[in-house]
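Descriptive analysis of the structure
The primary structure of each chain is shown beneath.
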Amino acid sequence: MPTLNWIGKDKVVSHHQDVPYRVLEHKYRFTADKGEQTETTNSGNKIIHGDNLEALKSLLPEYEGKVKCIYIDPPYNTGNEGWTYNDNVNHPKIKKWLDETLKAKEQDRVAAIGLDDLTRHDKWLCMMYPRLKLLQKLLDDNGAIFISIDDNEQANLKMICDEIFGIRNFVGTYFWYKSGTPPNLSHKIKRNIEYVLCYTKTLNSNKFQGVQKTSKSDDPITKPQNSFKELRFKPKSLNIGLKDGVIKKGIYGTAKFPNELLNDLIIKNGTNENEVTFKNRFIWVQDKLDEELENNTLVKINSKSLVISYKKQNYAKEVPPNFIDSSVGVDTTENAGRMLHEIFGKKVFDFPKTPSLIEYIINFLCNENDIILDSFAGSGTTAHAVLNLNKQDGGNRKFILVEMEDYANDITAERVKRVTKGYGTGAKAVAGTGGAFDFYELGLPLFDENQNLNEKVGLAKIKEYIWFSETRTSFKEPNKEPYFLGKKDESAYYFIYEKDRLTTLDYDALELIKTKGEQYVIYADNCLLPKEFMAKKNIIFKKIPRDITRF
């Protein structure tokens, strides 16, 4: 498979592994009915302010392999420095990250590849590659990622996504009709569309769900190119628009398209009183006919030629087409801008995405309890879309937003607050969706530069991390038994750790073990117990910090 090379790729291709794990510092909770409070909501909805690379790493312990849908709208690398979301990789925060990354890769020597040597596209690729690597880890095996992009980086994005997600997992490119009135920036082309690239986590046959098909007219149950076959229609299975009576068996239809009735048809009260059999070039076999009738599909005869047609009461949702516009219920960016203005009462963001686009995408594959992630959250459109869907069907979809800019609270989170409570006045008032979320800032790294535990994060955060690394479940402070983390699946977990001294797992330390289990997982700095004894008692020793899982 062809791969893309660029200046700096060798420095960032595995950088996601070196990103420090930082704890998430809870700042406040918000609920539509009570506003901001200090406790967590346990809603599963999160808004995180901080560098999205580090935030994605911090999400791994809890969310690796659990996110069903990822939608991101990364910088398009247009070179336009005037956007509210600075859509240019010369952004000072990204420049700082690139500079630190490249120099660190040179083991504290001056980088062989300096920042100023990178082209705009090289910088963008260096920024995107490690983030996409972490996003791939977060995806559920049945999940998919959708990435909005334009012509500036579409070709490059496709190449690195083929490398990260696998070319076989490329679903395709959707084309969103973003604007009916695009700016005249070119003398040769008006850009009405943006691309949305889609990849699945694994190769699968799961069907994406588009819009519900409707049909105002009846559809024929025959095709001229099909072979002849017989279909039996049970009593009262046909809707017949003819007078009561008996129609003798014989050949009806036309000479070119004959329809053979193999036994007399008794019509009474607009249906067949008896079982009848027809021979024709049917599109269905007997099992398919029986299935359609079971699903309340109407099969009709409305003329003396006995032409048979059908009308479904409930069409299955169609596979979504690759063109996205108002025909599938998706607005343009102009409508999105007007909506955002109504929410805030002023212009706060240029070129926002419309919630209808993300609602449409989420419905491709998500059920009512899935997790949706957006790590370039911007104005918070993804959360708005999730809240709208939950209001529509009473679902419990969860959103996770990450925004690195300083407006994460004032715009991203503020929009979500206003959407949950309702916004606008008079005839333009929009009812609130309800809902809740927790707001976080990126905190300190869990491990220091020497890979020892960073005690500044606090023992509670360390214990939470250890427990989750072992059980993949949320930590709840157990009983007051010293060093006890909890019990799961008959395994008891202990973290024998002291800030000011080394700890040792020995016979004296076993006196502290009060909770019975079939297996014991015990962390300590050292161990003096014989291996034979530990095997007999089902004790697994894990050395601090060596054996603590790194994500």
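Everything discussed here concerns the structure shown above.
I will try to describe carefully the structure that is included in this document.

1. Digging into a positive patch on the surface
Taken together, K514, K516, K536 and K537 make up a surface patch of like positive charges. Following the sequence through the fold, K516 ends up in the loop between α13 (507-510) and β28 (519-524).

2. Notes on the nonpolar core
In terms of nonpolar packing, the biggest core is built from 65 residues, with L132, I145 and L157 touching the most fellow members. A total of 10 residues in this core trace back to one element, the largest contributor, which is helix α5 (residues 120-138). When neighbours within four sequence positions are excluded, L132 is seen to be in contact with I72, I145, I147, L157, I160, C161, I164 and F165. Grouped together as the second largest cluster of nonpolar side chains are 46 residues, F30, V196, L389 and Y423 included.

3. Topic: the side chain of D374
Looking at the element boundaries, D374 is found in strand β20 (residues 371-374). No salt bridge forms around the buried D374; measuring N to O, its nearest opposite-charge neighbour R415 is 9.0 Å away. Residues contacting D374, with those up to four places away along its chain left out, are Y71, I72, T382, I400, L401 and V402.

4. Thoughts on the sheet that holds strand β24 (residues 436-445)
An order of β2-β1-β24-β3-β21-β20-β4-β5-β7-β6-β19 is seen for the 11 strands of this open sheet, with the pairing classed as mixed. Strand pairing shows two members of the sheet lacking a second neighbour, β2 (35-37) and β19 (323-324), which therefore form its edges. Judged from the 7 bridges that link them, strand β6 (residues 170-177) and strand β7 (residues 193-200) form a sheet pairing that is antiparallel. Paired with T173 across the bridge in β7 is L197.

5. A short note on the pattern of salt bridges
Evaluated as defined, the whole model comprises 25 salt bridges. Across the pair R131 and D51 runs a salt bridge whose closest N-O atoms are separated by 3.4 Å. A residue pair is termed long-range when its members are at least 10 positions apart, and R131 in helix α5 and D51 in the loop between β3 (46-49) and α3 (52-63) qualify at 80 residues. A residue is classified by how much of its surface remains accessible, and R131, at 3% relative accessible area, is buried. For K347, the salt bridge is made with D350, and the minimal N-O distance between the two is 2.7 Å. The network of salt bridges with shared partners includes E36, E414, K417 and R418.

Each value, and the rule that gives it
- Residues numbered from 1 in each chain as written.
- Predicted model: local features only at pLDDT ≥ 70, side-chain atom pairs only at ≥ 80, totals over all residues.
- Heavy atoms only, no water.
- Patch = residues over 30% accessible without salt bridge, like charges linked within 9 Å, V, L, I, M, F, W, Y side chains within 5 Å.
- Areas by Shrake-Rupley, 256 points an atom, 1.4 Å probe, with all protein chains shown as cover.
- Salt bridge = Lys/Arg side-chain N within 4 Å of Asp/Glu carboxyl O.
- Lys, Arg positive; Asp, Glu negative; His and termini not counted.
- Charge placed at Lys NZ, Arg CZ, Asp CG, Glu CD.
- Helix = DSSP H or I, 4+ residues; strand = E, 2+ residues; numbered from the N terminus.
- Core = buried A, V, L, I, M, F, W, Y, C linked by side-chain atoms within 4.5 Å.
- Buried < 20%, exposed > 50% of the residue type's maximum accessible area, 1.4 Å probe, protein only.
- Contact = heavy atoms within 4.5 Å.
- Pairing = 2+ DSSP bridges.

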